[in-house]
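# Architecture at a glance
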Amino acid sequence: MSAILIYAEHDNSELKSGALSAVACAQEIGGDIDLLITGQGCGDAAKHAATVPGVRKVLLAEGEHLEHHVAENVAPVITALADDYDYVLAAASTGGKNIMPRVAAMLDVQQISDISAVVSPDTFVRPIYAGNAFATYQSTDAKKVITVRTTSFEPVAAGDGSAEIETVDAGSDAGLARFVGAELSDSEGPELTTARIVVSGGRGVGSAENFKLIENLAGKLGAAVGASRAAVDAGYVPNDYQVGQTGKVVAPDLYVAVGISGAIQHMAGMKESKVIVAINKDEEAPIFEVADYGLVADLFEALPELDSKL
Amino acid sequence: MKVLVPIKRVVDAYVKVRVKSDGSGVETSNIKMSMNPFDEIAVEQAVRLSEAGAATEVVAVTIGPAAAQEQLRTALAMGVDRAMHVTADEGLQPLAVAKTLKAICDSEQPDLVILGKQAIDDDCNQTGQMLAALQGWAQGTSISKLETGDGRITVVREVDGGLEKLELPLPAIVSVDLRLNEPRYPKLPNIMKAKKKPIEQTSLDELGIDATPRLKQVKVEEPPARKGGVKVSSVDELVEKLRNEAKVIR
Ligand SMILES: Cc1cc2nc3c(=O)[nH]c(=O)nc-3n(C[C@H](O)[C@H](O)[C@H](O)COP(=O)(O)OP(=O)(O)OC[C@H]3O[C@@H](n4cnc5c(N)ncnc54)[C@H](O)[C@@H]3O)c2cc1C
Ligand SMILES: Nc1ncnc2c1ncn2[C@@H]1O[C@H](COP(=O)(O)O)[C@@H](O)[C@H]1O
């Protein structure tokens, strides 16, 4: 039976949804699943992790040097445990992307990034070229280091498990990168990558002020707000709103693209949404090729009307 | 401060790639190739550091087939001081790239390596972090700001929740995100000059790199196609469809 270690991200009190998707992926691979929680003051997150069904053990590493999840300090905690595992997994979040390749190189393993399906215990599918192709790879490394495309694996529900929590060696400060500060967006409403509905605006929205129209609609629908790169570059919204090949990947039940042309890089991040709506004044816009419902209209007329009818 | 910038030749970002019918990969012959867009941003950053007097020398390096020299010429035209070409087959995987870059770091002794955050062909987002691990250096990934200081740099990273600021002691590795800068278009005289500049050559063999792929590509397929939808003629019709047909809103 193989053993799988998941580097599970959390907010100090609960696991992030991506960690629960990684568990779902691990269950498809098959084996004993242990969750590693690192940080400072994250005992509650470990308790939450212990309630995930099918988890064998929760490993907890706490220390001041782990508080901000600096890669140079977290990676050695993972590699110190890796001997006992056949797989090391994490969500393909910015955290997982930052830390896991460092782990993989320390273990002399070629990581498999952002997998969207498990074919067999050593063979996986992942998108390449902004999702314009899907490649199947067989890993010849004895140990597998993998990041998981969270939209491809339905997160398991935490709840009735009762795994034991074991404290593990937290290592020490590598004395390399030093955390100075963070500027986190305090967006209201649901989180972009897990929201059931996403309303995104593009360059067509025209200004930060006009983005209120997008926010209002999102508010009405209980949706998260997203954006194209052009809207972020123009300063209408913060960077963490970007959906796409090099931003966030989302797959909500409903994705509403407003004033977005539908560049391949944008579509890479939303093409797997269940229902796509596009509102664009250009009937030739490529976004209409993937939209289930397309409305050719000026957004400054359509959005207020939509708002009034919901 | 000496700066090394690894660059990759990739299918241009605005080409719609096609999967070969035999499933062996994507079509790359007779297709526009470019420098990976993130690497253009990396080159731009390095050249700005040198223009500001913070960098003493900027070296661009690519690992790949002979055609990749075209992208080295672009880097020279943008203003890098030297260009190195490590001959290798196409499709080298990030661990092998990182090992090769480690060998280059051993001989060149850079204080800062600036990479792209991801190559837009393999979309791996691994090489910078792997090189940092192999060197035992600090890393700042997906950065949108870089300031130099005495023996250290400060970077702002784009992360899922917003922005994060880190201070890194040199030597260090950074990978750049889209909003760090807007790369310049090289001027024609610089393009002409770049054509005559020497490109230093080496190979994986000379550097003693074992590049045996750890991942075997089994097949490459088209993504599942979305079936086309309909155009609605009014906001009313849209609301009606979303409520009663798609049942995604109440
Ligand atoms: C390396 C690389 C990575 C990238 N990564 C990403 C990424 O992750 N995510 C991403 O989104 N992009 C990404 N891009 C950028 C991408 O190529 C496009 O440039 C970008 O998505 C365009 O954004 P847009 O659709 O908002 O703007 P545009 O393409 O300018 O489209 C604006 C649209 O708004 C419509 N419009 C204008 N006014 C109105 C109106 N009043 N009413 C209705 N419609 C209107 C127009 O008809 C047009 O279709 C990347 C590019 C590169 C090179
Ligand atoms: N063959 C290569 N030669 C030089 N640099 C490379 C090569 N492959 C990747 N890189 C660098 O590593 C970055 C990340 O690539 P990847 O990890 O493949 O997504 C790129 O943006 C380049 O800066």
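An account of the accompanying structure is given in this report. (Residues numbered from 1 in each chain as written. Chains lettered and ligands numbered in written order. Predicted model: local features only at pLDDT ≥ 70, side-chain atom pairs only at ≥ 80, totals over all residues. Heavy atoms only, no water.)

Residues and elements named next belong to chain B. Neighbouring ligand 2 are 19 residues, the closest being Pro6, Asp39, Ile63, Ala119 and Thr127. Ile63 has a polar backbone atom sitting 2.8 Å from a nitrogen atom of ligand 2. Contact between ligand 2 and Gln126: an oxygen atom at 2.9 Å from a main-chain N or O atom of the residue. With the chains in place, 98% of the 490 Å² that ligand 2 exposes on its own is no longer accessible. Broken down by secondary-structure element, the contributors of at least two residues to the shell around ligand 2 are strand E4 (57–64), helix H3 (94–108) and strand E6 (112–116). (Near = heavy atom within 4 Å. Polar contact = N/O pair within 3.5 Å; in protein donor to acceptor, adjacent residues only side chain to side chain. Areas by Shrake-Rupley, 256 points an atom, 1.4 Å probe, with all protein chains shown as cover. Helix = DSSP H or I, 4+ residues; strand = E, 2+ residues; numbered from the N terminus.)

A few words on the packing of aromatic side chains. Residue and element names in this part refer to chain A. Inspection of the entire model under this criterion finds 1 aromatic pair over all chains. Arranged with centres 6.3 Å apart and planes meeting at 50 degrees, the rings of Phe211 and Tyr236 form a pair that is tilted. Linking Phe211 in helix H5 (residues 211–221) with Tyr236 in the loop between helix H6 (229–233) and strand E14 (254–258), this pair joins segments that are 25 residues apart in sequence. Taking the relative accessible area as the measure of exposure, Phe211 reaches 0% and is therefore buried. Exposure remark for Tyr236: the relative accessible area of 15% places this residue in the buried category. (Phe/Tyr/Trp six-rings, centres within 6.5 Å; stacked < 30°, edge-to-face > 60°. Buried < 20%, exposed > 50% of the residue type's maximum accessible area, 1.4 Å probe, protein only.)

All names here are of chain B. One can find Lys2 in strand E1 (residues 2–6). Taking relative accessible area as the criterion, Lys2 reaches 16% and is therefore assigned buried. Reaching out from Lys2, the side chain makes a polar contact with the side chain of Glu108 at a distance of 2.7 Å. The contact partners of Lys2, leaving out residues within four places of it in the chain, are Thr56, Glu57, Val59, Arg82, Glu108, Gln109, Pro110, Asp111 and Leu112. (Contact = heavy atoms within 4.5 Å.)

Attention now moves to the interface of chain B and chain A. On the side of chain A, 83 residues touch chain B, which itself brings 77 residues to the contact. Taking both sides of the interface into account, the surface hidden between chain B and chain A amounts to around 6,800 Å²; carbon and sulfur atoms contribute 54%. When residues of chain B are sorted by the area they lose upon contact with chain A, Asp160, Arg214 and Arg226 of chain B head the list and together hold 11% of the total. Remark: the boundary between chain B and chain A carries 7 salt bridges. Taking the shortest distance from any N to any O, the salt bridge between Lys99 of chain B and Asp108 of chain A comes out at 2.7 Å. Every element with two or more residues in the side of chain B that touches chain A is listed here: H3, helix H4 (127–135), strand E7 (138–148), strand E8 (152–159), strand E9 (162–169), strand E12 (215–221), strand E13 (230–232) and helix H7 (235–245) of chain B. When grouped by side-chain class, the residues that make up the side of chain B that touches chain A number 39 nonpolar, 15 polar and 23 charged. With 6 bridges connecting them, strand E8 (residues 133–139) of chain A and E12 of chain B associate as antiparallel partners. Residue Ser139 of chain A lies in a different strand from E12 of chain B, and its bridge partner there is Leu215 of chain B. (Buried area = accessible area lost by both parts, 1.4 Å probe. Salt bridge = Lys/Arg side-chain N within 4 Å of Asp/Glu carboxyl O. Nonpolar A, V, L, I, M, F, W, Y, C, P; charged D, E, K, R; others polar. Pairing = 2+ DSSP bridges.)

Keep in mind these values describe shape, not function.
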